[in-house]
Amino acid sequence: MMYKQDNDKLYRYLFQNRAVRGEWVRLNDTFTETLNTHHYPIVVQNLLGEMLVATSLLTATMKFEGTITVQIQGDGPLKLAVVNGNEQQQLRALARVEGEVAETATLHEMIGNGVLVISIIPTDGERYQGVIGLDKPTIRKCLEDYFVRSEQLQTHLVIRTGEYEGKAVAGGMLLQIMPDGTGTPEDFEHLATLTETVKDEELFGLTAEELLYRLYHEEHVQVYEPKNTEFKCGCSRERSGNAILLLPTEEIEEMLAEKNGVIDMQCECCGTQYFFDKKAIEEFKAEADKLNQLGL
């Protein structure tokens, strides 16, 4: 089943005669809501869009319940860029910038010396972490290299960001040879060549049905039901209150005195503010003590 409106959806599909699988995602509101409470330089905004797309596509390739985090750390003006997602395609992103970032800055100029870290935390099972050197000019190339090195799977990515109908939008496609060994390099390269011809207006403006037909009209493509993507922060008053309890009692008291008896905490990701007076902090502490006594 196809939908006329395919914004904020991820589709998985299979080339039946080629032993190659694919994914396509377009992030509209998901991307916009990520940016709503921040004023990032345009190149940082675009980088976060690329990372959101990459995280969405990566999550869909891995059949597990849990979370995946794609994080860049460096010593350039962009100190941190991180995206977190889960199997439900709930995504959030954050960047920390210190200093000036030129509008024409390259990935290396933004990050300086840095690494790309992929952390996979399944609900059940062992945690995995992969560290990727940022020795390629784009996130896309770094991730393609990662799949070849770590998974031994030919992977082709298309990741684009920009503006469509006056709104920030990010989208992308992933092709991957089937891990069962039945796919051929020739079939994969043929489909990768077709995929690379996609235009921005097609990626951002067509439905999945229209896009896949335009690119692969001579192929037999089986398309699966889409998954909705959404921005979801995950912050809460409880988490913020427990974070305050990690501070020494003296420091908490000093903060209350300095801030007229109310500590305010703002979520870096979504901008939500939480306010705690002395009574609220004491209630959190009493609850934490109770849980500790129960061994929870």
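All chains use their own residue numbering, which begins from 1 and follows the written sequence. Residues qualify for local features only when their pLDDT is at least 70, as the model is predicted, and side-chain atom pairs are given and counted only at 80 or more; totals for whole chains, interfaces and linings, by contrast, use all residues. The side-chain figures draw on all heavy atoms in the structure; neither hydrogens nor water molecules are used.

### Regarding the overall build of the protein chain
Phase 1 of the analysis: Numbering of helices and strands runs from the N terminus, with a helix taken as a DSSP run of H or I at least four residues long and a strand as a DSSP run of E at least two residues long. When helices and strands are counted, the protein chain shows 10 helices and 14 strands.
Phase 2 of the analysis: If you line up the protein chain on its principal axes, its C-alpha atoms span 70 × 45 × 40 Å.
Phase 3 of the analysis: When each of the 296 residues of the protein chain is scored for burial, the buried share is 47%.
Phase 4 of the analysis: Contacts are assigned to residue pairs with any non-hydrogen atoms lying within 4.5 Å of each other. Considering only intrachain contacts with a sequence separation of at least 6, the fraction spanning at least 24 residues in the protein chain is 62%.
Phase 5 of the analysis: If you sum the accessible surface of the protein chain, you get close to 15700 Å²; carbon and sulfur atoms cover 47% of it.
Phase 6 of the analysis: His residues and chain termini do not enter the charge count, which takes Lys and Arg as positive and Asp and Glu as negative. The location of each charge is read from NZ of Lys, CZ of Arg, CG of Asp or CD of Glu. On the protein chain, the mean spot of the 28 positive side-chain charges and the mean spot of the 48 negative ones are 2 Å from each other. Burial here depends on accessible area, computed with a 1.4 Å probe over protein chains only, as a share of the maximum for the residue type. Under 20% is buried, over 50% is exposed, and the range in between is partly exposed. Per-residue accessibility takes into account occlusion by the displayed protein chains alone, with areas from the Shrake-Rupley method and a 1.4 Å probe.

### Description of the packing of aromatic side chains
Phase 1 of the analysis: Ring pairs shown here join Phe, Tyr and Trp side chains whose ring centres sit within 6.5 Å, with only the six-membered ring taken for Trp; geometry is labelled stacked below 30 degrees between planes, edge-to-face above 60, and tilted in between. Going through the model one piece at a time under the given rule, you end up with 6 aromatic pairs.
Phase 2 of the analysis: With 5.9 Å between their ring centres and 35° between their planes, Tyr11 and Trp24 make a pair best called tilted. Pair noted here: Tyr11 is in strand β1 (residues 9–15) and Trp24 is in strand β2 (residues 20–27), with a separation of 13 residues, a long-range link.
Phase 3 of the analysis: Residue Tyr11 is classed as buried on the basis of its relative accessible area of 0%.
Phase 4 of the analysis: Taking relative accessible area as the criterion, Trp24 reaches 1% and is therefore assigned buried.
Phase 5 of the analysis: Between Phe276 and Phe284 the ring centres are 5.8 Å apart and the planes differ by 70°, which places this aromatic pair in the edge-to-face class. One exposure class covers both Phe276 and Phe284, and it is buried.

### Section: the environment of Thr184
Phase 1 of the analysis: Along the polypeptide, Thr184 turns up in the loop between β9 (167–177) and α5 (185–196).
Phase 2 of the analysis: Taking C-alpha positions, Thr184 is 7.7 Å from Ala19, a pair spaced 165 residues apart along the chain.
Phase 3 of the analysis: A polar side-chain atom of Thr184 sits 3.1 Å from the main-chain amide nitrogen of Asp187. Definition of a polar contact: a pair of N or O atoms within 3.5 Å, with one able to donate and the other able to accept a hydrogen when the atoms are protein atoms, and with sequence-neighbouring residues admitted only if both atoms are side-chain atoms.

### Details of the packing of helix α2 (residues 42–61) against helix α4 (residues 139–151)
Any two packed helices are characterised by how steeply their axes cross, that is the angle between the axes, and by the distance between the axes.
Phase 1 of the analysis: Where α2 contacts α4, the axes come no closer than 10 Å and their chain directions differ by 25°. Considering their axes alone, α2 and α4 lie roughly parallel with respect to each other. At the point where α2 passes α4, the crossing takes the right-handed sense. Taken together, the residues of α4 that come into contact with α2 (itself represented by Leu47, Glu50, Ala54 and Leu58) are Ile139, Leu143 and Phe147.
Phase 2 of the analysis: For this classification, Asp, Glu, Lys and Arg are treated as charged, while Ala, Val, Leu, Ile, Met, Phe, Trp, Tyr, Cys and Pro are nonpolar and the rest, including Gly, are polar. When its residues are assigned to classes, the contact of α2 with α4 shows 6 nonpolar, no polar and 1 charged. Simply put, an axis is a line fit to the C-alpha atoms, just over the touching stretch for a helix, and the angle between two N-to-C directions goes from 0 to 180 degrees. Note on angle classes: values under 35 degrees are labelled roughly parallel, values over 145 roughly antiparallel, values of 65 to 115 roughly perpendicular, and the remainder oblique. Note on convention: the crossing is left-handed when the near helix lies turned anticlockwise from the far helix by less than a right angle, right-handed when the turn is clockwise.

### Some remarks on the domain arrangement of the protein chain
Accessible area lost when the parts come together is the quantity often used to give the size of an interface.
Phase 1 of the analysis: Where each domain begins and ends follows an automated or database-derived domain assignment. Domain annotation for the protein chain reports domain 1 (2–231) and domain 2 (237–294).
Phase 2 of the analysis: Inter-centroid distance (C-alpha atoms) of domain 1 to domain 2 is 37 Å.
Phase 3 of the analysis: Each side of the interface is counted separately: domain 1 has 7 residues, and domain 2 has 4 residues.
Phase 4 of the analysis: Definition used for salt bridges: Asp or Glu carboxyl oxygen within 4 Å of a side-chain nitrogen of Lys or Arg. Applying the counting criterion to the domain 1 and domain 2 interface returns 1 salt bridge.
Phase 5 of the analysis: Between Arg96 and Glu268 there is a salt bridge, and its shortest N-O distance comes to 2.5 Å.
Phase 6 of the analysis: Across the domain 1-domain 2 interface, the total number found is 3 residue pairs in polar contact (both at pLDDT 80 or more).

### Concerning the sheet that holds strand β12 (residues 230–231)
Phase 1 of the analysis: Whether two strands pair depends on DSSP finding at least two bridges between them. Overall, mixed pairing links the 6 strands, which are arranged β7-β6-β3-β4-β5-β12 in an open sheet. The open sheet has two edge strands with one neighbour each: β7 (128–133) and β12.
Phase 2 of the analysis: Summarising the sheet, strand β3 (residues 66–74) and strand β6 (residues 114–122) pair through 9 bridges and their orientation is antiparallel. Its bridge partner being in β6, Gly74 is matched across the sheet by Gly114.
Phase 3 of the analysis: α2 rests against β3, β4 (78–86), β5 (90–97) and β6 of the sheet, and its axis sits at about 30° to β4.
Phase 4 of the analysis: On the sheet, α4 packs against β3, β6 and β7 and is oriented at approximately 125° with respect to β7.

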